[in-house]
Amino acid sequence: MTIATHTLGCKLNFAETSNLQKQFVAAGFGIVDFHEKADIYVINTCTVTSVAEKKCRNAIRQAVSQNPQAIVAVIGCFAQNDAGQIAAIPGVSIILGNEQKHRLLEIVTDIREQQRQTKPLYINTDEPRSFQLSYSGGDRTRTFFKIQDGCDYFCSYCAIPFARGRSRSATIAETVAVAREIATTGTREVVLTGVNTGTFGLHQGEHFLDLLKALDQVEGILRYRISSIEPNLITDEIIDFVAHSRAFLPHFHIPLQAGSDKVLKMMHRHYDTALYAERLQHIRGVMPDACIAADVITGFNGEDDETFVQSKQYLESLPISYLHVFPYSDRPGTHALKMPERIEIPIRKARSQELHQLSDRKRQAFVESQMGKTRTVLWEHTRHGAPGQETMQGWTDNYIRLQRPYDETLCGTVTPYPITNSTIVENISFED
Ligand code: SF4
């Protein structure tokens, strides 16, 4: 029996898909590419935008057309929030929300044993409450480690709290135990992921900073990155700890979403532009070469022309290295749908393009500021280029992609390397 998976959305989903793959492999299944014929297809879905949902529907139809006899399981956030829409797609066999998706192997086994042709569509979208630590596999140098799930913030534009439930995590001791397990796999870099990572442990009296301190002690892991942390949760103590820690890297992803206090208020965010700028200044003060990325949503309610111009000026003034820009997209069930001052979709898209160009300029300026410096690089195993002229690649601590002539002895090691025009890898995505 074979299984093929397709994952959309955030790194959390990738870590969870990896966990499922491990379970299926342990049960004797073979893994094949999603473009091949498989007995079971798993689509781990995303609901963050309407575009993400469209990609999910396309992936489901692709799976059904490749093997109409296959069990097609649709799991994750889109499945949680709109099972009805997915159930209407012919050929779907299983729909599991975020609470039940880790039981997929058990449910598939049950369906296979009970004459699938006569069994109705299996749907379970219980409210997500449980938590499972998980980490992605397949890359021998880097893993995405899910340390937290869910969110209590209910930002007015966001459907994620409905899809993933309230904030929860394991204890520090349990999380560190899994980090030690990761270290035994030879993985050198761990990216800490979650929905609202900085709220780790709060429901049980523990704190994110204490987790970072404990993880820093785990032998064998050479590097940690914090995938994303809310501006109001990245305290001076956390920034100072990262600056002086053994293994935490000077690379931050701090969602901003809007450069206007009026819009931030309408978004129900937990900070204002002054706090955000102050956080970034503190980072730059103690880590001048840090890479700092920000998420921005364009065309949210209330962002009139004047507000957008102010917002763009604010973004220009910030010491950020690049932006992740998204045009605002209506999400069913969110408070934003009831708000006034809505912005037309073509305007949202035009502003998004404008900010993508700003992001390119920021990225270029950041890379230029690093030219001639030597930073540490974790070298990956993959060979690039033509035979005889093979190169290897890796990320610097501050997230610049470099290349050098291939040397097998360097795979999985961290070494200093200069940033120059010839060592930089051009045209790469910073979504990785
Ligand atoms: S912090 Fe806001 S944007 Fe992020 S997951 Fe929670 S509700 Fe959504």
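First things first, this report covers the structure right here in the doc.

1. Concerning the sheet that holds strand 8 (residues 142–146)
Spatial ordering of the open sheet is given by 7-8-11-12, a layout of four strands whose pairing is mixed. Since the sheet does not close on itself, it has two edges, and those belong to strand 7 (134–135) and strand 12 (223–226), each with one partner. In this structure, strand 11 (residues 189–193) lies alongside strand 12, joined through four bridges in parallel fashion. Paired with Leu192 across the bridge in strand 12 is Ile226. The strands that helix 7 (residues 172–184) touches are strand 7, strand 8, strand 11 and strand 12; relative to strand 8, the one it contacts most, it runs at about 160°.

2. Observations regarding the pattern of salt bridges
Close approach of charged atoms allows side chains of opposite charge to pair. By the definition in use, this model includes 28 salt bridges. In this structure, Arg279 engages Asp236 in a salt bridge whose closest nitrogen and oxygen atoms are separated by 2.6 Å. Taken together, the residues Arg279 in helix 11 (residues 273–286) and Asp236 in helix 9 (residues 236–244) connect sequence positions 43 residues apart. Assessed through its relative accessible area of 28%, Asp236 is described here as partly exposed. Arg351 is the salt-bridge partner of Asp305, the closest N and O atoms lying 2.9 Å from each other. Remark: Arg351 occurs in helix 13 (residues 345–370) and Asp305 occurs in helix 12 (residues 305–317); sequence separation between them is 46 residues. With a relative accessible area of 56%, Asp305 lands in the exposed category.

3. A closer look at the site of the ligand
Taken together, Cys151, Tyr153, Phe154, Cys155, Tyr157, Cys158, Ile160, Pro161, Val195, Asn196, Glu230 and Arg269 make up the full set of residues near the ligand. Classifying every residue of the shell around the ligand by side-chain character gives nine nonpolar, one polar and two charged.

4. So, the nonpolar core
One finds Phe145 and Tyr224 to be the most contacted residues of the largest nonpolar core, which totals 71 residues. Looking at which element gives the most residues to this core, the answer is helix 7, with six residues. Counting 24 residues, the second-largest nonpolar core is a separate cluster that includes Ala4, Leu8, Cys46 and Ala83.

Each value, and the rule that gives it
- Residues numbered from 1 in each chain as written.
- Predicted model: local features only at pLDDT ≥ 70, side-chain atom pairs only at ≥ 80, totals over all residues.
- Heavy atoms only, no water.
- Pairing = 2+ DSSP bridges.
- Helix = DSSP H or I, 4+ residues; strand = E, 2+ residues; numbered from the N terminus.
- Contact = heavy atoms within 4.5 Å.
- Axes fitted to C-alpha atoms, helices over the stretch in contact; angles between N-to-C directions.
- Salt bridge = Lys/Arg side-chain N within 4 Å of Asp/Glu carboxyl O.
- Buried < 20%, exposed > 50% of the residue type's maximum accessible area, 1.4 Å probe, protein only.
- Near = heavy atom within 4 Å.
- Nonpolar A, V, L, I, M, F, W, Y, C, P; charged D, E, K, R; others polar.
- Core = buried A, V, L, I, M, F, W, Y, C linked by side-chain atoms within 4.5 Å.

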